[in-house]
Amino acid sequence: MAGETPFRKRRPWRRHGHQAQQDGIGGTGPAEGGHASAERSAAPLDHSGGSDDERGRSASLEVAGTAALPDLAAQQDQQDRADPTTGGRLHAVKRGVRKSGESAKALAAQLADRIIDTAPRVPVRDLATLRRQFPGLGPEELADKLVTGACRGTATVGAGIGAAAMMPVPPAMLAELAAEVTGVAAIEMKLVAELHEVYGRRPPGNLGQRSTAYLTSWTEERGIDVTRPTTLNAALGGQMKRELRQQIMKRMARNLPNLIPFMIGAAVGATMNRRDTRKLADRVRDDLRKDQIPWDRLPALPPLEQPLNPAELPKEIEGP
């Protein structure tokens, strides 16, 4: 029929509507028209029709599905937070780990500043004083004596912190770790400085410059190369402070077993500190032996300057 929509372009609902209109014109009455509209609403949609109808319907479904995804995610997140056995505990653990990491970094930064301030106050014996205190010993025997005394000193510090942590008190644990790291660092820096004296490798400069060089040697766990001024000029720079904080973080992680209660941490702390100090001494001595200056060829060196307010160290490291 001319003027009507071609058959391929017809839509089912329009065809039904046209038939319903014809039925209404034919006198079937409003009841039949209402029945037809009900059948039209209950009938499933036919997507096998024209391409225009199929594209329009699929686009509307994709939009509806995409809009529903955020609602499902929000509901799941709300359910996880409301359920204390799944999501709530997971979020709490994540928050606790994040806060612990931030506290550890802040503590490491504070300890780094404290160790930098303590380094010039560490009393160091020069070679002449050491030879008077340990007469008749050569360089290697004297170095062995110094390492033995330093290991006894760090073991004493570890045992003391472990004994203080006999009854676990969480607020005091960080303070105990800080005290142990600071005390062990002072003893080991004294050992590093006196090993440089024994092997004839005293760094140039005044008390502050030498203290900075010894602190760098302790941080990097190696001997000072006095023939390379760049290794001394870079001390206390940004890279050195980052390495110092990293060294402190490693020490705190290794010292965590020292806080085991009931005197177990005392034995663990003494053993671990003794082992770490000996390992540090072996690395420094290996570097210093490469360019060791014999005592008979060592030029006369002035006595070392002593700090006005020396730090208190255990008596075990002083020797007889």
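Residues numbered from 1 in each chain as written. Predicted model: local features only at pLDDT ≥ 70, side-chain atom pairs only at ≥ 80, totals over all residues. Heavy atoms only, no water.

Draft legend 1. Fine view of the overall build of the protein chain. When its secondary structure is counted, the protein chain shows eleven helices and zero strands. From first element to last, N terminus to C terminus, the protein chain shows the α and β order α-α-α-α-α-α-α-α-α-α-α. Considering the protein chain as a whole, with its 320 residues, one finds that 33% of them fall into the buried category. Within the protein chain, residue pairs in contact and separated by at least 24 positions form 78% of the contacts whose partners lie at least 6 positions apart. As presented, the protein chain carries roughly 19,300 Å² of accessible surface, and 57% of it is formed by carbon and sulfur atoms. (Helix = DSSP H or I, 4+ residues; strand = E, 2+ residues; numbered from the N terminus. Buried < 20%, exposed > 50% of the residue type's maximum accessible area, 1.4 Å probe, protein only. Contact = heavy atoms within 4.5 Å. Areas by Shrake-Rupley, 256 points an atom, 1.4 Å probe, with all protein chains shown as cover.)

Draft legend 2. Just the environment of T271, in detail. Mapped onto the elements, T271 comes out in helix 11 (residues 264-290). In this structure, the C-alpha to C-alpha distance between T271 and G158, residues 113 residues apart in sequence, is 8.1 Å. Among the polar contacts made by the side chain of T271, one reaches the main-chain carbonyl oxygen of A267 at a distance of 3.0 Å. (Polar contact = N/O pair within 3.5 Å; in protein donor to acceptor, adjacent residues only side chain to side chain.)

Draft legend 3. Region of interest: the environment of N255. Of note, N255 is situated in helix 10 (residues 238-255). Each C-alpha atom of the pair N255 and G269 lies 6.9 Å from the other, and the pair is 14 residues apart in sequence. With sequence-adjacent residues up to four places away left out, N255 is seen in contact with L177, E180, V181 and N273.

Draft legend 4. Quick look at the nonpolar core. Residues I115, L195, L215, W218 and I248 are the most contacted members of the largest nonpolar core, which totals 45 residues. Put simply, the parts of the chain that give this core at least two residues each are helix 4 (87-118), helix 5 (127-133), helix 6 (139-164), helix 7 (170-198), helix 8 (207-220), helix 10 and helix 11. If you tally residues by element for this core, the top one is helix 7, at eleven residues. The contacts of W218, once residues within four sequence positions are left out, are I115, A185, E188, M189, L244, Q247, R251 and L280. (Core = buried A, V, L, I, M, F, W, Y, C linked by side-chain atoms within 4.5 Å.)

Draft legend 5. Here's a closer look at the confidence of the model for the protein chain. Mean pLDDT for the protein chain: 73, with 58% of residues reaching 70 or above. The low-confidence segment residues 17-39, where pLDDT is below 50, has three contacts with residues more than four positions distant or belonging to other chains. Predicted confidence for residues 46-70 stays below pLDDT 50, and this span has five contacts to residues more than four positions away or in other chains. (pLDDT = per-residue confidence, 0-100.)

Draft legend 6. Quick look at unusual backbone geometry. Despite not being glycine, E221 shows a phi value in the positive range, around 55°. When you line up the elements, E221 lands in the loop between helix 8 and helix 9 (229-233).

Draft legend 7. Structural view of the side chain of Q247. Tracing the chain through its elements places Q247 in helix 10. Once residues within four sequence positions are removed from consideration, Q247 is found in contact with W218, T219 and E221.

Draft legend 8. Structural detail: the pattern of salt bridges. Scanning the model with the defined rule gives 13 salt bridges in all. In this structure, E194 and K190 form a salt bridge, with 2.9 Å as the shortest nitrogen-oxygen distance. With E194 and K190 both in helix 7 and four residues apart, the pair spans about one turn of that helix. The exposure class of K190 is buried, given its relative accessible area of 3%. Several salt bridges converge on common partners, so that one network encompasses E140, D144, R285, D286 and R289. (Salt bridge = Lys/Arg side-chain N within 4 Å of Asp/Glu carboxyl O.)

Draft legend 9. Fine view of the environment of D113. Mapping D113 onto the fold places it in helix 4. On a C-alpha basis, the gap between D113 and R245 in space is 9.4 Å, while along the polypeptide they are 132 residues apart.

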